[in-house]
Amino acid sequence: MPAFTPDQQSAFDRDGLVALRGAVDPAAALRMAGALWDALQRCDGIKRDDPTTWPSGLISGLGGLARSGVFEEMASPAITGVVEGLLGPGWVRPQHWGVPLVTFPERGIAWDVPAKNWHLDMPVSAKAPDVARVFVILSSLKPRGGGTVVVTGSHRVVLKLAAGRTMRSGDAVKELRACQPWFSELADSSLSGRIERFMEQGGMADGVPVRVVEMTGEPGDIYFMHPTLMHAFSTNAGDQARMMLTQWVEGRPGAAYGLW
């Protein structure tokens, strides 16, 4: 089974984020998108071809859908091969694959780099947790269309920050803002030119290059994200629903204990 190439592994170690285009069969991604739309219509009356039925913003409460098995095609050879390369042959296969991430357009709202809701998913220490995180795009996802945004390089800053201790997510983010000016500015919603400042220019934090990157792509594209990379939801300023799946995979039983 395939794993990261040496260049991809180097990029993952440096940036904490690697995209693999078409790593899930695009036809399978579209089937999973169809299953998600069917569930939205069945449960909430949200119709794929009728935007007047669409709610606004992020949809929650979809996590249980994976138990039906409709997202098992997420576990492509490309994904499982990279997982094994990252975690070793003893990794724990999830009982069910795929937690849906759905964000509908918000009318009349201009897209910008978010100032709020930046977070980590689990406590951090000086050693990276034995966990892999993967995202799969189910339908075409354009820039400013609600894709997850991440701060590349932030995992390296966080791991240095936590040297000799274990920190909760909120405490780590708070301390980053207190001691690293770039992260303090990221949280300041009054700053103008945020796209240029944080996405195009980027910056430095504790000697590490950092930059905001938005997950975009086509059906079947995947992203592997380091488990301690800072990330946030973003506004969907497009005209289509953002539809992705995500999955945490443990390298050993209980490795994701405390995940939130």
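Reading guide: rules and limits
Residues numbered from 1 in each chain as written. Predicted model: local features only at pLDDT ≥ 70, side-chain atom pairs only at ≥ 80, totals over all residues. Heavy atoms only, no water. Pairing = 2+ DSSP bridges. Helix = DSSP H or I, 4+ residues; strand = E, 2+ residues; numbered from the N terminus. Axes fitted to C-alpha atoms, helices over the stretch in contact; angles between N-to-C directions. Contact = heavy atoms within 4.5 Å. Salt bridge = Lys/Arg side-chain N within 4 Å of Asp/Glu carboxyl O. Buried < 20%, exposed > 50% of the residue type's maximum accessible area, 1.4 Å probe, protein only.

Engineer: Outline the sheet that holds strand β3 (residues 99–104), listing residues and values.
Structural biologist: Taking strand neighbours across the sheet as the criterion, the six strands line up as β1-β8-β4-β10-β3-β2 in an open arrangement whose pairing is antiparallel. The outermost strands of the open sheet, each flanked by one partner alone, are β1 (17–20) and β2 (57–59). Neighbour to neighbour, the strand axes of the sheet diverge by 25° on average, direction disregarded. By the bridge criterion, four bridges tie strand β4 (residues 131–137) to strand β8 (residues 222–225) in an arrangement that is antiparallel. Looking across to β8, one finds that Val-134 is bridged to Phe-224. Along the sheet face, helix α1 (residues 6–15) touches β1 and β8 and points at about 140° away from the line of β1.

Engineer: Any details on the pattern of salt bridges? Residues and values, ideally.
Structural biologist: For the structure on display, the rule yields nine salt bridges. Linking Asp-15 and Arg-14 is a salt bridge whose minimum nitrogen-to-oxygen distance equals 2.9 Å. Residue classification places Asp-15 among the partly exposed residues on the basis of a relative accessible area of 21%. For Arg-21, the salt bridge is made with Asp-221, and the minimal N-O distance between the two is 3.2 Å. One end of the pair, Arg-21, is in the loop between β1 and α2 (26–44); the other, Asp-221, is in the loop between β7 (208–214) and β8, and 200 residues separate them in sequence. A relative accessible area of 7% means that Asp-221 is categorised as buried.

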